[in-house]
Amino acid sequence: MMSSTRCTVASLLFSAFTALACDDASQPPGSTTGAGGDGTGPGAGGGSSAGTGSSVAGAGAADSASSAGAGTIGAGGAGGAGGAGGAGGAGGTAGGTAAAGATGNGGSAGGPSPAEEAFTLLFRDDFDRLDATRWQLMTHSWTENLALFSRSAATIERGQLVLRLTPAPQGTADSSGAAKTFLGAEVRSVDALTYGRVRARVKLARGSAVVSSLVTIYTPWPADNWNELDIECLGAKPNDVQFNAMVYTGAPVRPPVTQSVSPTQYPQKVDLGFDPSEDFHTYQIEWTPSGARFSVDDVLRHEWTERIDLMVLPQNVLMTIWASSSAAWAGAVAAETGRASATYDWIELYRYTP
């Protein structure tokens, strides 16, 4: 995830958030799309991207150095275990390409959840307006994303956040000069969590090649490390939702970083048994030192613990809609691709304290 605007972010969500100074000029240079340009950077495994960005008149300026990750919430402690989701899964490769896999059925809780009192509500946003103290509208893309994220693709309508995927104006390109067919949206939290819970009521998007999501991710770009947790609806077969965890398992990298590291992915595709584009459902990512738990309508569908020891970095929260170039993973581009939307009714962020 990617860009080129300078922003100084102070922690506004209780003392649990650490102040974050983020210089988007540290991201890849801007590009042209109409009157302004947008940043770019690669994404991760059919999932989201890293980095930040913004439009600049004409061509974007700015060079790069890594920006620091945002604040930290919570500390180590034991969480509970639960039942895993079904077998199979669609696996992604670094950069956003995904390999097809079998679809499993969601599992149910097999062990105790973390104690409810360990989670403290930081805020609930009902989207009466787009609160700039909480959210940034990003403008970037990556190779396997056929859309350029645009501020115009995210709107508040009747107390809900609506993210749209629409045809891009002719000549739209990212900062590398790669043509982009669509405009999509990424709404990113200003602050970051280290352990916590993200819970949102969402009507996800339908459409071949369309991916809509709820994500947490470590965002400095180029990435010197990688932590990411995803709930992704694959709109060609919207019943199929992919849960994914991504961590960097290679040798430590010393800043300044000029080439992003690539993550190892642990995807699990689950058939929810209903179409999440037809109505609102509650989606939840719960991250503690003992594991990551993915729930839908308060039913545990997947739990990941394999390399939870590496999932320790502060992560921003993302709400996105984009188009994938991987037909095997998300379906081929079709007329419906440019008419997709996802609607977020509300979202809650919690701090975890063991």
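If you're wondering where the values come from, they're calculated on a predicted model, not measured in any experiment.

Counting its regular elements, the chain contains 1 helix and 24 strands. Here the chain, with 354 residues, has 61% of them falling under the buried criterion. Taking the contacts inside the chain whose residues are at least 6 apart along the sequence as the reference set, 76% of them involve residues at least 24 apart. About 12,500 Å² of surface is accessible on the chain, with carbon and sulfur atoms providing 51% of the total.

Further remarks concern the packing of aromatic side chains. Across all of its chains, the model carries 10 aromatic pairs by this definition. Relative to F294, the ring of F243 has its centre 5.3 Å away and its plane inclined at 35°; by these criteria the two rings are tilted. Note that F243 is positioned in strand β17 (residues 240–247) and F294 in strand β21 (residues 291–296), a separation of 51 residues in sequence. In this structure an aromatic cluster arises from ring pairing among W142, F149, W322 and W329. Over the ring of W346 we find R124; its NZ or CZ atom is 4.3 Å from the centre of that ring. Positioned above the aromatic ring of Y350 is the side chain of R197, whose terminal nitrogen or guanidinium carbon lies 5.0 Å from the ring centre.

If you look at the biggest cluster of nonpolar residues, it comprises 55 residues, and the most contacted ones within it are L163, Y283, M319 and I347. Sort the elements by how many residues they give to this core and strand β24 (residues 340–352) lands first, with 7 residues. In contact with Y283, other than residues within four places in its own chain, are V198, R199, A200, V202, L204, L214, I231, L272, F274, P276, S295 and V296. Grouped together as the second largest cluster of nonpolar side chains are 9 residues, W226, M246, Y248 and L318 included.

The subject of this paragraph is empty space enclosed by the protein. Within the structure shown, the criterion is met by 2 cavities of 30 Å³ or more. Computed from the structure, the second largest cavity encloses a volume of approximately 60 Å³. Lining the second largest cavity are L193, G196, R197, V198, T216, L229, I285, E286, W287 and Q315. Elements with a contribution of two residues or more to the lining of the second largest cavity: β14 (196–203) and β20 (281–288). In the lining of the second largest cavity, the residues fall into 5 nonpolar, 3 polar and 2 charged.

Next up on the list: the pattern of salt bridges. Across all of its chains, the model carries 16 salt bridges by this definition. One salt bridge in this structure joins R129 and D131, with 3.7 Å as the shortest N-O distance. Among the salt bridges present, the one from D309 reaches R307, with a minimum N-O distance of 3.0 Å. By relative accessible area, which is 28% here, R307 ends up partly exposed. Taken together, the shared-partner salt bridges in this structure form one network comprising E116, R197, E286, R293 and E303.

Let us now look at the confidence of the model for the chain. Summing up the model confidence of the chain, the mean pLDDT is 78 and the portion of residues at 70 or higher is 68%. Note that pLDDT drops below 50 for residues 1–110; the model gives that stretch 418 contacts with residues more than four away or on any other chain.

Next up on the list: the side chain of Q242. As for its placement among the helices and strands, Q242 is situated in strand β17. Look at Q242 and you get buried, because its relative accessible area is 0%. A distance of 3.0 Å separates a polar atom in the side chain of Q242 from a polar atom in the side chain of W329.

Here A236 lies in the loop between β16 (227–234) and β17. On a C-alpha basis, the gap between A236 and V210 in space is 7.0 Å, while along the polypeptide they are 26 residues apart. Not counting the four nearest positions on each side in its chain, A236 is found in contact with G207, S208, A209, A330 and G331.

Reading the values: rules and limits
- Residues numbered from 1 in each chain as written.
- Predicted model: local features only at pLDDT ≥ 70, side-chain atom pairs only at ≥ 80, totals over all residues.
- Heavy atoms only, no water.
- Helix = DSSP H or I, 4+ residues; strand = E, 2+ residues; numbered from the N terminus.
- Buried < 20%, exposed > 50% of the residue type's maximum accessible area, 1.4 Å probe, protein only.
- Contact = heavy atoms within 4.5 Å.
- Areas by Shrake-Rupley, 256 points an atom, 1.4 Å probe, with all protein chains shown as cover.
- Phe/Tyr/Trp six-rings, centres within 6.5 Å; stacked < 30°, edge-to-face > 60°.
- Lys NZ or Arg CZ within 6 Å of the ring centre and 35° of its normal.
- Core = buried A, V, L, I, M, F, W, Y, C linked by side-chain atoms within 4.5 Å.
- 1 Å grid on protein atoms, 1.4 Å probe; cavity = no way out; pocket = protein on both sides within 12 Å on 5 of 7 lines; lining within 4 Å.
- Points joined across faces, edges and corners; volume = space filled by probe spheres on them.
- Nonpolar A, V, L, I, M, F, W, Y, C, P; charged D, E, K, R; others polar.
- Salt bridge = Lys/Arg side-chain N within 4 Å of Asp/Glu carboxyl O.
- pLDDT = per-residue confidence, 0-100.
- Polar contact = N/O pair within 3.5 Å; in protein donor to acceptor, adjacent residues only side chain to side chain.

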